[in-house]
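Spelled out, the chains give:
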Amino acid sequence: HNGPQNSNSDLVTPQSPRVAHVVFNLSLDKGFDYAIPPALAGQIRAGSRVRVSFGHSERSGFVVSVAAQSSHEGELKPIIALEKQNEQIPSHLLGLAEWIAAYYCCPKEHAVRALMPAVVRSGAMKHKQVIFVSLALRAANFGDDFAALTEKQQETIKYLHRHGAKPLQELQSEANVSAAIINTLCKHGWLIKEKRVVDRDPFHDDLIQPDSARQLTGGQQAALERVNASLDAGDAQVILLHGVTASGKTEVYLQAIHHCLQRGQDAIVLVPEISLTPQTCDRFRQRFGNLVSVLHSGLSDGERFDEWTRINEGRSRIAVGARSALFAPFRKLGLIVVDEEHESSYKQEESPRYNARDVAVVRGKREKATVVLGSATPSLESYYNCEVGRYQLVELPERVDASAMPAVELIDMAEEAALAGQAQLLSKRLKELIFDRLHKAEQIMLLLNRRGYATQMLCPKCGYVATCDNCSTAYTYHRKAAQLICHLCGVQLAAPDKCPQCQSKEIRYTGVGTEKIETILHALYPQATIARMDSDTMTTKDSYKKVLDAFRAGRIHILVGTQMIAKGLDFPNVTLVGVIQADSQLHLPDFRSGERTFQLITQVAGRAGRGDCAGHVVVQTYTPYHFALQAALKHDFKTFYAEEMPSRKMLDFPPCSHMVIVHFRSQDEALAADTAEKFHQGIQPLLEPAVQIIGPMPAPLSKVKTYYRFQLQLRGGSVLKLVALLRPQVVSQSFPKGVDVYLDVDPRSL
Ligand code: ADP
Ligand code: ZN
Ligand code: ZN
């Protein structure tokens, strides 16, 4: 493509910008200049959606900037048309997209695209219209000949007097009146039928109880004052609110938002994986009702379109949602709250690979908004930023009602195995406690961070392990479905009844998943109702809510699940939490494995004892001496931080440096390896001496979905310099056909 040519630039008035820089949905990482024709002068600005000719066809694209002249040599093609208003990109967010593209090293269009939901961007969605029936003037004061109407006609008019305008269909069913009667009344000037735009309701009329502000504890009050002071000063502070589980962080957010609204400013609340935390979302609606919009993946396209439009038109003032809610197009943003800021789900795993927590800080700075990061187990990044003075630390060290933190008990499973003569899944202590709680009609949550029945099928005769052809992992055995399933690519096959290699029938299943624990519990406690919550059982939108409602109502006694159950849930009757394999993540080849383990155990422990009865937590482990577990035992983040940081410092790992991973993927293993090697040789002479390189080497998951994966890890030195240096080497660079190369800046895992 030679770029648009041909020009009418002499037709444009001298004052208005003559050139628009337009990007397309094409992963080209560059835009093209077009001339702004006089008819559109003054109407086209950054964020406008325009139709232009491109190559041999017409396309729509977004104007990312306008200028007096173009650096493009030769004449420019004119913009053909300006497209509809509601498809404009909020232009004040374009600078944020530029920042994302530069920092996370992705094509600009990818970053611009992230600013709006696809359904808004496409311009195809329409507002929902409903036919409403309302009273005409004649009926408003029961006109002259009201008495001459039939009884049914009079009734209909009276009904509308009582209830106001009604959607046609509701009127028909509620007032039991036929379409014919309504039509006659319309014809004779009693009623008016008209189309009105209505919002689609993402809550499906699911009513909630309004509530009001609580009297704050001293700690909460102090925290609130810190946030409000920053709101009033407009000095864009970043405040890390480190509060133990149930310390009342959410109440602080709510009251800070109230203050923000009173100042005439808007607020964004980010929550991780909103479908897992419906309670959090409800609490904002309880306090602020209709002023709350939600933005998350569980919405239909129409709902998402309407919620976004409500924000864009200023009809809602608070956006609550997952990652993408960060781009809510508020124009008077005062506050951004990032709840559970340590969650790795804030990092997007596809381009643009941004971390919403970190971009929230950037948006806050750009728009002078205060940013509150909240967690019981802060990320080391955020805590370190407090230590070096970039963020302010505010602490809530106690639970709201001063209830004790749950007692955590570590069980050494090696000792347990020695006593029993073989490895145990459930310790004697945990089994006794479960029995005791069932007896007292209290509830139990058990965490095992692996789904399926067994994590490996192996043949003891010949050593065969059933492994996915597409991926470098063993199949997981799912007993109920009698299948082997690859958890990376989803391939399923019938579980064989003999070894495919030596035909032996002595097949063995090792490693344990949630399905097996559920089976064992059924056998041990036949009188108990047990439910399992993992991605195998949570297959529909409603299944999560169904299980949680049943658990809350006490119809389920034991809830077994993966990390899904560890997050933000608040069940007052849960007095026992068991962690079946606390070390399952501890030995992963990732420098954050200790941090993740500490977070998971502390968070799940926080689910216990939130009501009147004290909570108890049993953590089963083979490494009870590990400091991450020892710190979790005491809910002691500071000790964990103090013990973890020296090794991060010594090795110059995050948070002491930024990490950048260059990924190479191909179905051709040798080609991927070779490309990585050549890339390495190419960049090495360019790097600052402080930059350390590991690799190229196979990624920890060396093959996924038929793609071989290699990587180069870089860290140290200035991340901005490093990224600026790598960007031209990666973005819009040509690599051998069939190899994908991209950067991951501040990766969530290795
Ligand atoms: P966190 O977000 O830190 O886990 P929450 O805000 O969910 O804590 O508070 C835990 C519980 O305490 C909730 O049920 C909440 O309604 C209640 N709560 C919070 N603040 C107060 C307060 N000041 N007075 C009474 N109850 C409170
Ligand atoms: Zn696979
Ligand atoms: Zn075999």
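For the structure itself, consult the block above.
Residues numbered from 1 in each chain as written. Chains lettered and ligands numbered in written order. Predicted model: local features only at pLDDT ≥ 70, side-chain atom pairs only at ≥ 80, totals over all residues.

Caption draft 1: Up close: the nonpolar core. Among the nonpolar cores identified, the biggest contains 114 residues, and Ala97, Ile268, Val269, Leu270, Val320, Leu335 and Val372 are the most heavily contacted of them. If near-sequence neighbours (up to four positions away) are discounted, Ala97 is found in contact with Ala111, Val112, Ala114 and Leu115. Within the second largest apolar cluster, 61 residues are counted, among which are Met457, Tyr477, Ala628 and Leu629. (Core = buried A, V, L, I, M, F, W, Y, C linked by C-beta atoms within 7 Å. Buried ≥ 20, exposed ≤ 12 C-beta atoms within 10 Å, placed from the backbone. Contact = placed C-beta atoms within 7 Å.)

Caption draft 2: Broad picture of the sheet that holds strand β23 (residues 530-533). Overall, parallel pairing links the six strands, which are arranged β16-β26-β25-β17-β24-β23 in an open sheet. Here the strands that pair on one side only, and so sit at the sheet edges, are β16 (407-412) and β23. Averaged over neighbouring strand pairs, the angle between their axes works out to 15° when direction is ignored. The sheet contact formed by strand β17 (residues 443-447) and strand β24 (residues 558-561) spans four bridges and is parallel. What sits directly across from Ile444, in β24, is Ile558. (Pairing = 2+ DSSP bridges. Helix = DSSP H or I, 4+ residues; strand = E, 2+ residues; numbered from the N terminus. Axes fitted to C-alpha atoms, helices over the stretch in contact; angles between N-to-C directions.)

Caption draft 3: Summary view of the site of ligand 1. Near ligand 1, the surroundings consist of 15 residues, among which Arg214, Gly248, Lys249, Thr250 and Glu251 are the closest. Counting residues per element, the shell around ligand 1 draws most heavily on helix α9 (residues 249-262), at three residues. A class-by-class count of the residues in the shell around ligand 1 yields three nonpolar, eight polar and four charged. (Near = placed C-beta within 6 Å. Nonpolar A, V, L, I, M, F, W, Y, C, P; charged D, E, K, R; others polar.)

Caption draft 4: Up close: the pairing of strand β9 (residues 238-243). Counting buried positions over the six residues of β9 gives six, a clear majority of the element. Of the two faces of β9, the one lined by Val238, Leu240 and His242 and the one lined by Ile239, Leu241 and Gly243 are each fully buried. Here β9 runs beside strand β14 (residues 370-375); their pairing, made up of five bridges, is parallel. Bridge pairing in β14 places Val238 opposite Val371. In this sheet, strand β15 (residues 392-396) lies alongside β9 in parallel orientation, the contact comprising five bridges.

Caption draft 5: Structural view of the sheet that holds strand β28 (residues 692-704). The antiparallel open sheet is built from four strands, whose spatial order is β28-β29-β27-β30. One side of each edge strand has no neighbouring strand; the edge strands of this open sheet are β28 and β30 (739-745). The sheet shows a mean angle of 20° between the axes of neighbouring strands, direction not considered. Looking at chain direction, strand β27 (residues 659-666) and β30 are connected through seven bridges and run antiparallel. Of the residues in β30, the one forming a bridge with Arg665 is Asp740.

Caption draft 6: Seen up close, helix α1 (residues 94-103). Leu94, Leu96, Ala97, Ile100, Ala101 and Tyr103 are the residues of α1 that are buried. Packing partners of the buried residues in α1 comprise β4 (57-67), α2 (108-113), α12 (356-367), α22 (719-730) and β30. One or two steps after α1, the chain reaches Cys105, where phi turns positive at roughly 55°.

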